[in-house]
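Chain residues, written in single-letter form:
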Amino acid sequence: MTEAEIAERHGSLLLADDDNAFRQRLALTLGRRGFDVTAAASLAEARALIPQLRPDYAVLDLRLGDGNGLDLVAELRQARDDTRVVILTGYGNLATAVAAVKEGAIDYLAKPADPEDIVNALLAPGGEKPEPPAEPMSADRVRWEHIQRVYELCDRNVSETARRLKMHRRTLQRILAKRSPR
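Remember, predicted model here, so these are calculated numbers, not experimental data.

Asker: Describe the overall build of the protein chain, naming the residues involved and giving the relevant values.
Answerer: Counting its regular elements, the protein chain contains nine helices and seven strands. Within the protein chain, the proportion of its 182 residues that are buried is 41%. Here the analysis covers contacts within the protein chain between residues at least 6 apart in sequence; of these, 63% occur between residues at least 24 apart.

Okay, structure coming up:
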């Protein structure tokens, strides 16, 4: 990014993440990149900010302490239909990526996301295709993705997901609590 682009003001940005250190570092970095950042530590705090802020951009953590960042995407779209939303998560999977895009997010990035990748996603012209993955998914990752997809289709109901996958509920809970395999 050139100095002229860095100096350029991009507009208001809502950052919602429950990891204090990560949120503070990212807010500072995005502020230096030309965004007017308003940070929220919870789903409730972000919800309260949306009507008054009506942000141009939003960077949302998928799993917030009091809820799911995906729930905010529709609310952001109601407040302002051209808000560009990027979802961040440490628990990346195909099902939630698809759900995020269906809700209206423009991109879905795994944590720890590079701030440059976040800025590029927020400022990318519409319709640009992402680059293909450098490495395809492992068999363990494909299994994990399938479990996550069924979990999302069952509205995040562990018991129903376990029943449909024909596995023990506690086993499923352990799998869901882990980060995705590489």
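That covers the picture; the talk isn't over yet.
Asker: I'd like a rundown of the pattern of salt bridges, residues and numbers included.
Answerer: The tally for this structure, following the rule as stated, stands at seven salt bridges. A salt bridge links R47 to E75, with the shortest nitrogen-to-oxygen separation between them at 2.7 Å. Of the two residues, R47 sits in helix α3 (residues 43-53) while E75 sits in helix α4 (residues 70-79), which places them 28 residues apart along the sequence. You can call E75 partly exposed: its relative accessible area is 23%. A salt bridge links R156 to E152; its shortest N-O distance comes to 3.4 Å.

Asker: Lay out the sheet that holds strand β2 (residues 35-40) in plain terms, naming residues and giving numbers.
Answerer: The strands making up a sheet associate through hydrogen bonds between their backbones, and the pairing can be parallel or antiparallel. Here we have five strands laid out as an open sheet, ordered β2-β1-β3-β6-β7, and parallel in their pairing. Only two strands of the sheet have a single partner each, and these edge strands are β2 and β7 (107-110). Neighbouring strand axes in the sheet, compared pairwise and without regard to direction, differ in orientation by 20° on average. Pairing geometry for strand β3 (residues 57-61) and strand β6 (residues 84-89), over five bridges, is parallel. The residue of β6 that forms the bridge with V59 is V86.

Asker: Lay out the packing of α4 against helix α5 (residues 94-103) in plain terms, naming residues and giving numbers.
Answerer: The relative placement of two packed helices comes down to the angle between their axes together with the axis-to-axis distance. In the contact formed by α4 and α5, the axes pass within 9 Å of each other and the chain directions differ by 10°. Considered as vectors, α4 and α5 are oriented roughly parallel to each other. Counting all contacts with α4, which are made through L70, V73, A74 and R77, the residues of α5 involved are T96, A99, A100 and E103. A per-class count over the contact of α4 with α5 returns five nonpolar, one polar and two charged.

Asker: Describe unusual backbone geometry, listing the residues and the values that go with them.
Answerer: Positive phi, close to 55°, is recorded for D155, a residue that is not glycine. Here D155 lies in the loop between α7 (139-153) and α8 (158-165). Looking at D155, the relative accessible area reads 69%, which means it is exposed.

Asker: Pulling in residues and values, what's your account of α3?
Answerer: Listed as buried for α3 are L43, A46, L49 and I50. Across the axial projection of α3, the buried residues extend over an arc of 125°, all falling on one side. Looking at α3, the residues exposed on the side facing more than 90 degrees away from the buried face are A48, P51 and Q52.

Asker: Describe the pairing of β2, listing the residues and the values that go with them.
Answerer: Summarising the sheet, strand β1 (residues 11-16) and β2 pair through six bridges and their orientation is parallel. Following the sheet pairing, S12 is matched in β2 by D36. Regarding the hand of the β-α-β motif, the stretch spanning β1, helix α2 (residues 20-32) and β2 is right-handed.

Asker: Tell me about a positive patch on the surface, and name the residues and values.
Answerer: A cluster of basic residues, R169, R170, R174 and K178, forms a positive patch at the surface. With respect to the secondary-structure elements, K178 resides in the segment after α9 (169-177).

How each quantity is defined
Residues numbered from 1 in each chain as written. Predicted model: local features only at pLDDT ≥ 70, side-chain atom pairs only at ≥ 80, totals over all residues. Heavy atoms only, no water. Helix = DSSP H or I, 4+ residues; strand = E, 2+ residues; numbered from the N terminus. Buried < 20%, exposed > 50% of the residue type's maximum accessible area, 1.4 Å probe, protein only. Contact = heavy atoms within 4.5 Å. Salt bridge = Lys/Arg side-chain N within 4 Å of Asp/Glu carboxyl O. Pairing = 2+ DSSP bridges. Axes fitted to C-alpha atoms, helices over the stretch in contact; angles between N-to-C directions. Parallel < 35°, antiparallel > 145°, perpendicular 65-115°, else oblique. Nonpolar A, V, L, I, M, F, W, Y, C, P; charged D, E, K, R; others polar. Arc of directions from axis to C-beta. Right-handed = clockwise from strand over helix to strand, strands pointing away. Patch = residues over 30% accessible without salt bridge, like charges linked within 9 Å, V, L, I, M, F, W, Y side chains within 5 Å. Areas by Shrake-Rupley, 256 points an atom, 1.4 Å probe, with all protein chains shown as cover. Lys, Arg positive; Asp, Glu negative; His and termini not counted. Charge placed at Lys NZ, Arg CZ, Asp CG, Glu CD.

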